[in-house]
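Survey of secondary and tertiary structure
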Amino acid sequence: MQTSARVYDSHAFDSRPRPAAWRLAVVAFAQFFIATSIVTALARFAAPVTAALIALVLAQAVAHLWPSHPALAARHWAFVLAETLAIVPCVRYAASDASAVALVVAFLGAASAFAFERRALAMLANVYDVRLLTRVELWLLRVVPCAIAFAGLGFALRAWATFWPAATLAVIAFVAALAPVKSRFEQLTRVELREAVAPLVVLLLLTIGALAAAYARTGFVWPFAGNEAQWRQPLRPLRLPGT
């Protein structure tokens, strides 16, 4: 009897609508790319430590207070924006300073991003049967493509202030995917992401166009350059305090 119930529940779960893999990959790539571009651009208007501390507060506000629509793309955007706010300014600060305070701030950002990614996976558990293999697949579809894009461009441009946040986010999301996820029920709509793809692709193209215009005007794309001259220096090993 219990076996029959489990089989029935499994069949019912498998019959739920869910997005095609390519739609999830496109939506996640666009959201991470846009969020990273916006956060990095805004961080240029403050000193690294100030930008990191403000971003940590904003990340918590976005994760817990963001008035998002129940659509899957809207809920996913809230977690993407929160993770980006927690990681990018904090890791950039640690990359430019490498002091004890900077490393503590980077740790807080990493811990916050880990918690947000876990909440994102709990939300996705309403759509997917998030076993370990599925969680790793979600990591490959959602996080890896944009992380490779930013880390690769950062490495190619010798801009390590972009390389390290992208690499750090990929690692944190992978670690978050390894631990079991407790399902957290949410009433989600538009889970197939059909309506989200086209608008996000348009916004992504507009963002890339803005980056290209900034590069043509200044010689540096603003997500890859900051208000600190050292952020434009070549990659070099991250030095720990006292070394």
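Refer to the structure presented above.
Here is a short report on the structure shown in this document. (Residues numbered from 1 in each chain as written. Predicted model: local features only at pLDDT ≥ 70, side-chain atom pairs only at ≥ 80, totals over all residues. Heavy atoms only, no water.)

Taking 1.5 Å as the rise per residue, helix α4 (residues 72-97) with 26 residues should run 38 Å; its terminal C-alpha atoms sit 38 Å apart, in good agreement. Among the 26 residues of α4, 24 are classified as buried, and the element is accordingly described as predominantly covered. Immediately beyond the C-terminal end of α4, within one or two residues, lies Ala98, with a positive phi of roughly 60°. (Helix = DSSP H or I, 4+ residues; strand = E, 2+ residues; numbered from the N terminus. Expected span 1.5 Å × (residues − 1). Buried < 20%, exposed > 50% of the residue type's maximum accessible area, 1.4 Å probe, protein only.)

A separate point is the pattern of salt bridges. Proximity of charged atoms lets side chains of opposite charge pair with each other. Taken as a whole and judged by the stated rule, the model has three salt bridges. The salt bridge involving Arg131 is made with Asp129; its shortest N-O contact spans 3.4 Å. Arg131 sits in the exposed class, given a relative accessible area of 55%. Note on Asp129: relative accessible area 35%, which makes it partly exposed. In this structure, the salt-bridge partner of Glu192 is Arg194, at a minimum N-O distance of 2.6 Å. (Salt bridge = Lys/Arg side-chain N within 4 Å of Asp/Glu carboxyl O.)

Another point: the nonpolar core. By size, the foremost hydrophobic cluster in this structure holds 56 residues, and its most contacted members are Val27, Leu72, Leu81, Leu85, Tyr128 and Leu138. Of all the elements in the fold, those that place two or more residues in this core are α2 (21-43), α3 (48-65), α4, α5 (100-124), α6 (132-142), α7 (144-156), α8 (160-178) and α9 (194-218). If one sorts the elements of this core by residue count, α4 sits on top with 12 residues. Leu85 has contacts with Val39, Ala55, Leu58, Ala59 and Val62, leaving out every residue within four places of it along the chain. Counting residues in each nonpolar core, the second largest holds eight residues, with Leu56, Ala94, Ala102 and Val105 among its members. (Core = buried A, V, L, I, M, F, W, Y, C linked by side-chain atoms within 4.5 Å. Contact = heavy atoms within 4.5 Å.)

What follows covers the environment of Phe29. Position of Phe29 among the secondary structure elements: in helix α2. Look at Phe29 and you get partly exposed, because its relative accessible area is 23%. Taking the C-alpha atoms as reference, Phe29 lies 8.7 Å from Val144; in sequence the two are 115 residues apart. What Phe29 contacts, discounting residues up to four positions off in sequence, is Pro145, Cys146, Ala149 and Leu204.

Okay, a nonpolar patch on the surface next. On the surface, a cluster of nonpolar side chains totalling about 490 Å² of accessible area is made up of Phe114, Leu132, Val171, Phe174, Val175 and Leu178. The greatest single-element share of the nonpolar patch, amounting to four residues, is contributed by α8. Position of Phe114 relative to the elements: it lies in helix α5. (Patch = residues over 30% accessible without salt bridge, like charges linked within 9 Å, V, L, I, M, F, W, Y side chains within 5 Å. Areas by Shrake-Rupley, 256 points an atom, 1.4 Å probe, with all protein chains shown as cover.)

With 23 residues, α2 extends 32 Å from end C-alpha to end C-alpha; this agrees with the ideal 33 Å at 1.5 Å per step. Counting buried positions along α2 yields 17 of 23 residues, so the element is predominantly enclosed.

So, about the packing of aromatic side chains. Applying the stated criterion to the full structure yields four aromatic pairs. Arranged with centres 4.8 Å apart and planes meeting at 55°, the rings of Trp139 and Phe174 form a pair that is tilted. With a gap of 35 residues between them, Trp139 in helix α6 and Phe174 in helix α8 connect regions that are remote in the sequence. When its relative accessible area of 32% is taken as the criterion, Phe174 is described as partly exposed. Consider the rings of Phe163 and Trp164, whose centres lie 5.1 Å apart with planes at 80°: the pair is edge-to-face. Judged by relative accessible area, which is 29%, Trp164 ranks as partly exposed. Ring-pair connections join several aromatic residues into one group, and the members of that group are Phe29, Phe33 and Phe150. (Phe/Tyr/Trp six-rings, centres within 6.5 Å; stacked < 30°, edge-to-face > 60°.)

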